[in-house]
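Commentary on secondary and tertiary structure
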Amino acid sequence: MKYEELGRSGLMVSKLALGTWALGGGSVWTDKDSTVEEAKSLLDACKDHGINYLDTAPVYGTGVSEELLGKALKGRRQDWIIQSKCSLNWRGEGGNFHYERDGYTVNNDTSARAVKKDVEDILKRMDLDYLDSVIVHYVCHSWPEEETAGALEELIKEGKIRAYGLSNSQPADLEKYCIGAGAAAKNGGASLVQEFFSILSPFHGRDYFDMCRKYGASFQTYGVLEEGFLTGPDFLNREFKKTDIRSRIPWVEGDKKAGLRKAFEAWKPLCEAHHCSYSNLVQAWALTQYDKMSLLVGMRRPESVADSARCMDIVLTPEEVSMMEQTVKEIQVEVLDK
């Protein structure tokens, strides 16, 4: 495993991070409900392969993912860099409507009051004294960036978090948060940008890289495997319930599905040459795109952890990177809202 500093936070994290959205289950991930024992096995596999970076959020199963991880982390909290998120909550205390799901109304609120309450709620759910990193789950302009950044800086001073970042945002937002944090920012403001990025939809990420470099921020992908659709051609045969996130992304039907099948055919010789899976190939491609790239990969099985860890050993040539991108050029999507 390879490690690097998370932005300018001083935290050393594995370049591969465990994403736990799917652990929350519910109507978004309809094929499996996870248990504490399964979460423990997942953490064991991560530790075996040098992964020390975990990502979750309050709305992943409306608390379920955090609760499972909190129980699985008992007695070994010191081994992990733990990251959760703020701004989305279902307390009914205000904010902007975001969605209704599984009997809950979720609002987006980046006020100082809400952000601090979010962190308190997370610490209680996970039974932790502090979080290493907190991400503003959806940047909202209904409250000044200075207010949100100021609240996060106060949480650092109080010892409740050690770093923070942004998700579902725009490059200008990172600059506003870093400037808004002001001189009080111990480590220069936001340490991390977490955005959707894959070989099938790379445009938003590439637009963000220059701003990340300007402020020394890490860029963390989510969706690099397209919710499983980039793990191999067999995945394209699966069917999902209408509420499942995987039923409503472009690769499930039509020309895009056919184009993805052709891409797998074209990439097969690369997999054979590098002795790797399709997952490894697209993960290795992502690592070539930005010097401080963090791969946030959703995994529920220990064998998936073992496979993903192998991507760190793959070195693609510029010619191979170009070929991979040209193969999917016709089916790429500019804007992908999940």
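For the structure, see preceding data.
About the criteria used
- Residues numbered from 1 in each chain as written.
- Predicted model: local features only at pLDDT ≥ 70, side-chain atom pairs only at ≥ 80, totals over all residues.
- Heavy atoms only, no water.
- Helix = DSSP H or I, 4+ residues; strand = E, 2+ residues; numbered from the N terminus.
- Rg over C-alpha atoms; globule rule 2.2 N^0.38 Å.
- Buried < 20%, exposed > 50% of the residue type's maximum accessible area, 1.4 Å probe, protein only.
- Salt bridge = Lys/Arg side-chain N within 4 Å of Asp/Glu carboxyl O.
- Axes fitted to C-alpha atoms, helices over the stretch in contact; angles between N-to-C directions.
- Parallel < 35°, antiparallel > 145°, perpendicular 65-115°, else oblique.
- Contact = heavy atoms within 4.5 Å.
- Nonpolar A, V, L, I, M, F, W, Y, C, P; charged D, E, K, R; others polar.
- Pairing = 2+ DSSP bridges.
- Polar contact = N/O pair within 3.5 Å; in protein donor to acceptor, adjacent residues only side chain to side chain.
- Phe/Tyr/Trp six-rings, centres within 6.5 Å; stacked < 30°, edge-to-face > 60°.
- Lys NZ or Arg CZ within 6 Å of the ring centre and 35° of its normal.

**Side note on the overall build of the protein chain**
- Scanning the protein chain from N- to C-terminus turns up 10 helices and 13 strands.
- By the compact-globule yardstick of 20 Å for 338 residues, the protein chain fits well, its C-alpha radius of gyration being 19 Å.
- Each principal axis of the C-alpha atoms in the protein chain carries an extent, and together these give about 55 × 40 × 40 Å.
- The buried share of the protein chain, taken over its 338 residues, is 57%.

**Some words on helix α6 (residues 203-214)**
- Taken residue by residue, α6 has Gly205, Tyr208, Phe209, Met211 and Cys212 as its buried positions.
- Just downstream of α6, Gly216 is the residue with a positive phi angle, here 65 degrees.

**Here we look at the pattern of salt bridges**
- A complete count under the given rule lists 22 salt bridges for this structure.
- Lys74 is the salt-bridge partner of Asp127, the closest N and O atoms lying 2.1 Å from each other. Taken as a pair, Asp127 in the loop between α3 (112-126) and β9 (131-136) and Lys74 in the loop between α2 (64-72) and β5 (81-86) lie far apart in primary sequence, 53 residues in all.
- With a closest N to O distance of 2.7 Å, Asp132 and Arg162 form a salt bridge. Taken as a pair, Asp132 in strand β9 and Arg162 in strand β10 (residues 161-167) lie far apart in primary sequence, 30 residues in all.
- By sharing partners, the salt bridges in this structure join Arg91, Glu93, Asp109, Arg113, Lys117, Asp118 and Asp121 into a single network.

**Description of the packing of α2 against α3**
- Across the interface, α2 lies against α3 with an axial gap of 7 Å and an inter-helix angle of 50 degrees. The pairing of α2 with α3 is recorded here as oblique in orientation. Contacts between α2 and α3 involve Glu66, Glu67, Leu69 and Gly70 from the former and Ile122, Arg125 and Met126 from the latter.
- Of the residues assigned to the contact of α2 with α3, the class counts are three nonpolar, one polar and three charged.

**Quick notes on the sheet that holds strand β8 (residues 104-108)**
- Spatially, three strands are ordered β6-β8-β7 in an open sheet, and the strand pairing comes out antiparallel. Sheet topology places β6 (88-89) and β7 (96-101) at the edges, where each strand pairs with a single neighbour.
- Relative to β8, β6 is paired through two bridges, and the arrangement is antiparallel. When the bridges of β8 are listed, Leu88 appears paired with Asn108.

**A few points about unusual backbone geometry**
- Phi at Thr62 takes a positive value of approximately 40 degrees, unusual for a residue other than glycine.
- Along the chain, the position of Thr62 falls in the loop between β4 (53-55) and α2.
- We note that Asp127 has phi near 55 degrees; this positive angle belongs to a residue other than glycine.
- Asp127 sits in the exposed class, given a relative accessible area of 52%.

**Comments concerning the environment of Ser133**
- Following the sequence through the fold, Ser133 ends up in strand β9.
- Residues Ser133 and Leu54 lie 79 residues apart in sequence; the distance between their C-alpha atoms is 9.8 Å.
- Apart from residues lying up to four places away in sequence, Ser133 is in contact with Leu6, Ile82, Gln83, Ser84, Ala163 and Tyr164.
- Within polar-contact distance, the side chain of Ser133 engages the side chain of Gln83 at 3.0 Å.

**Brief notes about the side chain of Ser218**
- Take Ser218: it is sitting in strand β12 (residues 218-222).
- Exposure remark for Ser218: the relative accessible area of 2% places this residue in the buried category.
- Apart from the residues lying within four places of it in its own chain, the contact partners of Ser218 are Glu5, Leu6, Gly7, Ser191, Leu192, Val193, Cys212, Tyr290 and Lys292.

**Here we look at the packing of aromatic side chains**
- For the structure shown, the criterion picks out 13 aromatic pairs.
- Between Phe209 and Phe219 the ring centres are 5.0 Å apart and the planes differ by 90 degrees, which places this aromatic pair in the edge-to-face class. With Phe209 in helix α6 and Phe219 in strand β12, this pair connects stretches of sequence that are 10 residues apart.
- By relative accessible area, Phe209 is classed as buried at 5%.
- Through successive ring pairs, a cluster of aromatic residues spans Phe197, Tyr208, Phe209, Phe219, Trp285 and Tyr290.
- Here the basic side chain of Arg77 rests over the ring of Tyr130, its NZ or CZ set 4.0 Å away from the ring centre.
- In this structure, Arg101 is placed above the aromatic ring of Tyr99, and the distance from its NZ or CZ to the ring centre is 4.0 Å.

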